Amino acid sequence: MLKYDTIKALDDDFLMRTYRRQAALFVQGAGCSLWDNRGNEYLDFLAGIAVCSLGHCHPALVAAITRQAQQLIHTSNLLMTAPQAQLARKLTQISGMDRAFFTTCGATANETAVKLAKKHGNQKRPDGDYEIVVLHRSFHGRTLGVLSATGQRKYQRQFAPLVPGFRHIEANDLAGLREAVGHKTAAIYLEPIQGEGGVHPMTTEFLAEARALATEHGALLILDEVQTGIGRTGTWFAFQQHGIVPDVLVAAKGLGGGVPIGACLARGKAADLFEPGDHGSTFGGSPISCAAALAVIDTIEHQDLLENAKRVGAYLMEGLRALGAPVGAVRGAGLLVGAELEQPIARDIVATCFEKRLIINATDENTLRFVPPLIVREEHVDRCLGILAEALGVPAPTMAATIHVRRPTPLHDVLAMDDIHPTEAEEILAHAAYLKERRRLAPAVIQPIEGRTVALVFEKPSLRTRVSFESAIRELGGHAIHLGKSDIGMGTREAIKDVSENLARWCSAIVARLYWQKDLVAMAEYADVPVINALTEMEHPCQALADMMTVREVFGEEKVAITYVGDGNNVARSLAKLATGLGYPFTICGPENFRLEPIEGMKQTDDLEEGLSGAKVVYTDVWVSMGDEHEQEHRMKIFGEFQVDQRVMEMADPDAIFLHCLPARRGFEVTDEVIDGKQSRVNDQAENRLHAQKALLMRVLGLGA
């Protein structure tokens, strides 16, 4: 085990003495927690100073970094790579900018912005429109150029002479701003919220005036969103809350989620100022850093972390105010929050909180700063406030009146469609659609179940179920083990109890395709890990999810009428439950003796014209399934009139699509003309098994939407 004293001695002897470190050696992180070498857990509300936007070691980020490192790490910017171009497109889409330049950190991204301003000023007037208006208490980085722009003398004193040309004014001082901006101004350079300066937000009026003055005098409006960008304040960038658009935008910190990267974005004329040779970066925009940033942005979108930042940030600010004295003003937006104390004890409080295993920091003697990961939840805030209250010597606030909106409880066993609530089904379908689109955006596909093993217990063989599940597990980063009937002999050579208990010791989940629902229920009873129904004689929930995903791809959110023609079997049962639960009209059209038990919202009829009238989805399945061969002759006679041919399709809506739970017995329940026709979506349906099952697996393993 690593020893604190050993590493502390190395740190003291071989590193320049630029940091005042806390007295602990950190060796591991996950989510909002860090662990030291002694196994102590710390709640992290600093997140690497607003860097670890997804928390520590988020599976999406780890997988993206791992995969990219296996493919390509570095080339230099003399060669083109896909992740950089893909990230540039994504950043311009979410920011409204036109072009990007990538760097290694916020300081170098800000240096890029300053160089743009200088070149712009020289083009305005060769004799020197080079002034850049900046703010007192600002912080733009520690390289010499942006250190000169920074409005805090404590960072500058030892490094004079500074770079000339920066004119400092007070934040939110409209008169001072108007006086400072003139024909010599190349740029107005602001942080929407001064993070290092004590979490001081700019007013909308001040930012709007800066925008207007920059336009009037032909200057650039530069916004430094190193700390406020990439969802920190509840929108992608803080400026989006003020109804203005900058000419140049700087991002870093949370963009890489912990991997070093910075970006300078520009629009309009500013986007075309640089020419080859004007600027460069050896490591800026490396494939590995851009792959990481793509995973960060994708995860923020997919997990709705912008909304989470707004909601939990508001909860944190409410809780800080509820502490009362010595907490005074509480400022910020989203998950960038500052609490001003009435006495100059902020650094002492930070130290006390650290002793109590809470990590925060102080921007000065009076201001505490809170910048937790964007994945933080209300229960983390409750814990933070409890520790802080103890450090301040005040009662912890009572937040019971606030409703906690938490991530949904993970599913466990999915043995039938009833095990998935309609709300959960909606989330799984949305997640599946996301995963399908995300699969096209290689190389940064998310692998959230890295290293997990899933057992596929298949009494009944199936091409589509096996391949789609094996592909889903592999693409999610896990490992699938297929066990056929001859491998187990369940219920004959081995008891279900023994099989289930042993598999649960080795595997994270069991996917079972069995003859009998009773055996599936028994397996779930004895297995401690989740069990997923991949088909029994009673239910086929995975197929139903893929079916509904296909319907939504064609018809969007319209609640179209679905008619199932033929046998009221396991497929019909699961689809009927899912469709009616989501508000879709559902009809089964088939022989009276082969109908389902009543399901609320479902109709059943043996009249084809009645059942198909207005239907936009026509669905059928085999009449004689595996295990029913002894009934083939009898079933063929009974179901003959319910064969789906072109005549039957014409009874439905003209825009109707055809679905089938493959494999099909062509010429029995469906004709070649229909299954191969333009209305058929059976191959889309089969493909969507992969994505629906990926979403379901993630949800069952506690990693879903």
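Chains are numbered independently. Their residues run from 1 in the order of the written sequence. Local features are withheld for residues below a pLDDT of 70 in this predicted model, meaning they are given only at 70 or higher, and side-chain atom pairs are given and counted only at 80 or more; totals for whole chains, interfaces and linings count all residues. With hydrogens and water set aside, each side-chain value is computed from the structure's full complement of heavy atoms.

Relative to strand β2 (residues 33–36), strand β1 (residues 26–30) is paired through four bridges, and the arrangement is antiparallel. Bridging across to β2, Gln28 finds its partner in Trp35. Two strands pair if DSSP finds at least two bridges between them. Under the DSSP-based scheme used, a helix requires at least four consecutive residues in state H or I and a strand at least two consecutive residues in state E, with every element numbered from the N terminus. Connecting β1 to the antiparallel partner β2 that follows it, the hairpin turn spans two residues, and Gly31 within it adopts a positive phi of roughly 60°.

What follows concerns the nonpolar core. If you look at the biggest cluster of nonpolar residues, it comprises 85 residues, and the most contacted ones within it are Phe45, Leu91, Leu320, Phe370 and Leu388. Take this core: its biggest share by element is nine residues, from helix α11 (residues 305–323). Dropping the residues within four chain positions of it, Leu388 is found in contact with Leu320, Leu323, Ile349, Cys353, Leu358, Ile360, Leu368 and Phe370. With 57 residues, the next largest nonpolar core counts Val414, Val454, Ala534 and Leu696 among its residues. Within this scheme, the nonpolar core is defined by two criteria: the residues are buried Ala, Val, Leu, Ile, Met, Phe, Trp, Tyr or Cys, and they are joined through side-chain atoms within 4.5 Å. When accessible area is computed with a 1.4 Å probe and restricted to protein chains, residues below 20% of their type maximum are described as buried, those above 50% as exposed, and intermediate ones as partly exposed. Any two residues having at least one pair of non-hydrogen atoms within 4.5 Å are treated as being in contact.

Let us now look at the packing of aromatic side chains. Any pair of Phe, Tyr and Trp rings, taking the six-membered ring for Trp, is counted once the centres come within 6.5 Å. Such a pair is stacked with planes under 30 degrees apart, edge-to-face with planes over 60 apart, and tilted for the rest. Enumeration according to the criterion identifies eight aromatic pairs in this entry. Both rings, one in Phe237 and one in Phe239, keep their centres 6.1 Å apart while their planes meet at 20°; by these two values the pair is stacked. Accessibility assignment for this pair places Phe237 and Phe239 in one class, buried. Pairwise contacts between aromatic rings join Phe26, Tyr42 and Phe354 into one cluster.

The next point concerns the sheet that holds strand β20 (residues 509–513). With parallel pairing, the four strands of this open sheet are ordered in space as β19-β18-β20-β21. Two strands bound the open sheet, and with one partner strand each, they are β19 (479–484) and β21 (531–535). Sheet twist, expressed as the mean angle between neighbouring strand axes with direction ignored, is 20°. With six bridges connecting them, strand β18 (residues 453–458) and β19 associate as parallel partners. Angles run from 0 to 180 degrees between N-to-C directions of axes, and those axes are lines fitted to C-alpha atoms, restricted for helices to the stretch in contact.

With respect to the helices and strands, the residue Gln679 is situated in the loop between α24 (672–675) and α25 (682–700). Among the polar contacts made by the side chain of Gln679, one reaches the main-chain carbonyl oxygen of Ala656 at a distance of 3.0 Å. Those residues within four positions of Gln679 in sequence are excluded, and the remaining contacts are Gln646, Met649, Pro654, Ala656, Ile657 and Phe658. Each polar contact in these results corresponds to two N or O atoms within 3.5 Å; when the atoms are within protein, one needs to be able to donate a hydrogen and the other to accept it, and residues that are neighboring in sequence are counted only if both atoms are side-chain atoms.

Moving on to a nonpolar patch on the surface. Excluding any residue in a salt bridge, patches collect residues exceeding 30% relative accessible area, merging like charges within 9 Å and nonpolar Val, Leu, Ile, Met, Phe, Trp and Tyr side chains within 5 Å. A 1.4 Å probe and the Shrake-Rupley method give the accessible areas. Residues count as covered only by the protein chains that appear here. When a carboxyl oxygen of Asp or Glu lies within 4 Å of a side-chain nitrogen of Lys or Arg, that pair is called a salt bridge. Where nonpolar side chains cluster on the molecular surface, the patch consists of Leu144, Phe159 and Val163 and spans about 260 Å² of accessible area. Tracing the chain through its elements places Leu144 in helix α6 (residues 144–149).

Right, let's talk about unusual backbone geometry for a bit. With an omega of 15°, the peptide bond running from Ala325 to Pro326 counts as cis. A cis amide bond, omega 10°, links Leu662 with the succeeding residue Pro663. Secondary-structure assignment places Pro663 in the loop between β26 (657–660) and α24. Positive phi outside glycine occurs at Arg137, with the angle close to 75°. The topology assignment puts Arg137 in the loop between β5 (131–135) and α6. Residue Arg137 is classed as partly exposed on the basis of its relative accessible area of 36%. The phi torsion at Leu535 lies on the positive side, around 145°, for a residue other than glycine. Its place among the elements puts Leu535 in strand β21. Residue Leu535 is classed as buried on the basis of its relative accessible area of 7%.

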